[in-house]
Amino acid sequence: MKNLISHVNTEQAFIDHQDPWIYIESLDQINISHPKAQLILPFDQFVALDAPQQKQLASQPIKAFWLCNTADIQLLDPFLDELELVCLNFPKFTDGRAYSQAVELRSHLKWRGEIRAFGDVLRDQLDHMHRCGFNSFAIREDKNVEEALKGLSSISINYSNSVLEPLPLFRRRPLYK
C-alpha cells in the first residue's frame, strides 16, 4: 500500500516507504511469485472456503487479513495468534464502522498487533482512528501523505477516553482542595 503512515511501536508517527505487504483484493489474485507471508488476504473470502481449501492456502502461515466494515470482528479471534496485521476498510469517509471494529479488536479481543486503516482515509480522521486503536494508515492516493501526517499531531489534549487513554480528562487531572 502506498501513502502509508506508521505509528507501530513508535512514539512518533512516520511515513513508511518500506511497507512489505501486498494487498490482495481477491484470492484469485494470489500469484506463485508472491511470498504468502507478505500478502494481505480478504478475510471474508478465506472463511468462505471449506477446510481443505483453507489448509491448502495456509500451507505457509497467513500473517495478514483485510476485512470489510460489515465483517464480524469476533470471527478473527481464532487467527489472531498467527497474525501480524489486520486491515480495516473505510469504503467512504462518512462510514465509521471500522472505528468500532478497531475498538473491539483492542478492547475486547486484547489484540496488540498492527491495525491498518485503508480505503477513504483522510487527514481529518487520523487522530480519532489512532485513539480507536489504529496504528497505521494507508492515506488515499490522491492526497498528500506529508500533509496527512500532521493530522496525528493536530490535537494536543483529548477530553474523552479512548483505547489509548481509558480515563477521561476529568479523571486524569489532579483534584485541587
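Structure shown above.
Heads up: these notes are all about the structure in this document. (Residues numbered from 1 in each chain as written. Predicted model: local features only at pLDDT ≥ 70, side-chain atom pairs only at ≥ 80, totals over all residues. Heavy atoms only, no water.)

### With respect to helix H3 (residues 97-108)
Here's step 1: Between its terminal C-alpha atoms H3 stretches 16 Å, which fits the 16 Å expected from 12 residues at 1.5 Å a residue.
Here's step 2: Turning to H3, the residues buried within the fold contact strand S6 (85-90), strand S7 (114-119) and helix H4 (126-132). (Helix = DSSP H or I, 4+ residues; strand = E, 2+ residues; numbered from the N terminus. Expected span 1.5 Å × (residues − 1). Contact = heavy atoms within 4.5 Å.)

### Brief notes about unusual backbone geometry
Here's step 1: Phi at asparagine 3 is positive, roughly 55°, even though this residue is not glycine.
Here's step 2: With respect to the element layout, asparagine 3 can be found in the segment before strand S1 (4-6).
Here's step 3: The residue asparagine 9 is not glycine, and still its phi comes out positive at about 55°.
Here's step 4: Among the secondary structure elements, asparagine 9 is positioned in the loop between S1 and strand S2 (14-15).

### What to know about the pairing of strand S4 (residues 39-42)
Here's step 1: Of the two faces of S4, both are covered, the one formed by Leu39 and Leu41 as well as the one formed by Ile40 and Pro42.
Here's step 2: With two bridges connecting them, S4 and strand S5 (residues 64-67) associate as parallel partners. Bridge pairing links proline 42 to tryptophan 66 in S5. (Buried < 20%, exposed > 50% of the residue type's maximum accessible area, 1.4 Å probe, protein only. Pairing = 2+ DSSP bridges.)

### Comments concerning the side chain of aspartate 120
Here's step 1: Structurally, aspartate 120 is set in the loop between S7 and H4.
Here's step 2: A polar contact of 2.6 Å, which involves the side chain of aspartate 120, links it to the side chain of arginine 140.
Here's step 3: Discounting chain neighbours no more than four positions away, the residues touching aspartate 120 are Phe90, Pro91, Lys92, Phe93, Gln125 and Arg140. (Polar contact = N/O pair within 3.5 Å; in protein donor to acceptor, adjacent residues only side chain to side chain.)

### Description of the pattern of salt bridges
Here's step 1: This structure, assessed with the given rule, holds seven salt bridges.
Here's step 2: One salt bridge in this structure joins aspartate 19 and arginine 116, with 3.1 Å as the shortest N-O distance. You can see aspartate 19 sitting in the loop between S2 and strand S3 (22-23) and its partner arginine 116 sitting in strand S7, a full 97 residues away along the chain.
Here's step 3: The exposure class assigned to aspartate 19 is buried, which follows from its relative accessible area of 17%.
Here's step 4: Owing to a relative accessible area of 1%, arginine 116 belongs among the buried residues under this scheme.
Here's step 5: As a salt-bridge pair, arginine 97 and aspartate 95 come within 2.7 Å of each other at their nearest N and O atoms.
Here's step 6: A relative accessible area of 41% places arginine 97 in the partly exposed class.
Here's step 7: Each of Asp19, Glu114 and Arg116 takes part in one network of salt bridges that share partners. (Salt bridge = Lys/Arg side-chain N within 4 Å of Asp/Glu carboxyl O.)

### Thoughts on the packing of aromatic side chains
Here's step 1: Counted by the stated rule, this structure contains 10 aromatic pairs.
Here's step 2: Consider the rings of tyrosine 23 and phenylalanine 118, whose centres lie 5.4 Å apart with planes at 55°: the pair is tilted. In this pair, tyrosine 23 is assigned in strand S3 and phenylalanine 118 in strand S7, connecting sequence segments 95 residues apart.
Here's step 3: Site record: aromatic cluster; members linked through ring pairs are Phe43, Phe46, Phe65 and Phe79. (Phe/Tyr/Trp six-rings, centres within 6.5 Å; stacked < 30°, edge-to-face > 60°.)

### Considering the pairing of S7
Here's step 1: With respect to burial, S7 is a largely interior element, five of its six residues being buried.
Here's step 2: Across six bridges, S6 lies against S7 in parallel orientation. Considered in S7, the bridge of leucine 88 is made with alanine 117.
Here's step 3: In the sheet, S7 pairs with strand S8 (residues 136-138) via two bridges, with the strands oriented parallel. Paired with arginine 116 across the bridge in S8 is serine 136.
Here's step 4: Handedness of the β-α-β unit built from S7, H4 and S8 comes out right-handed. (Right-handed = clockwise from strand over helix to strand, strands pointing away.)

Without other data, these values stay purely geometric and don't point to any function.
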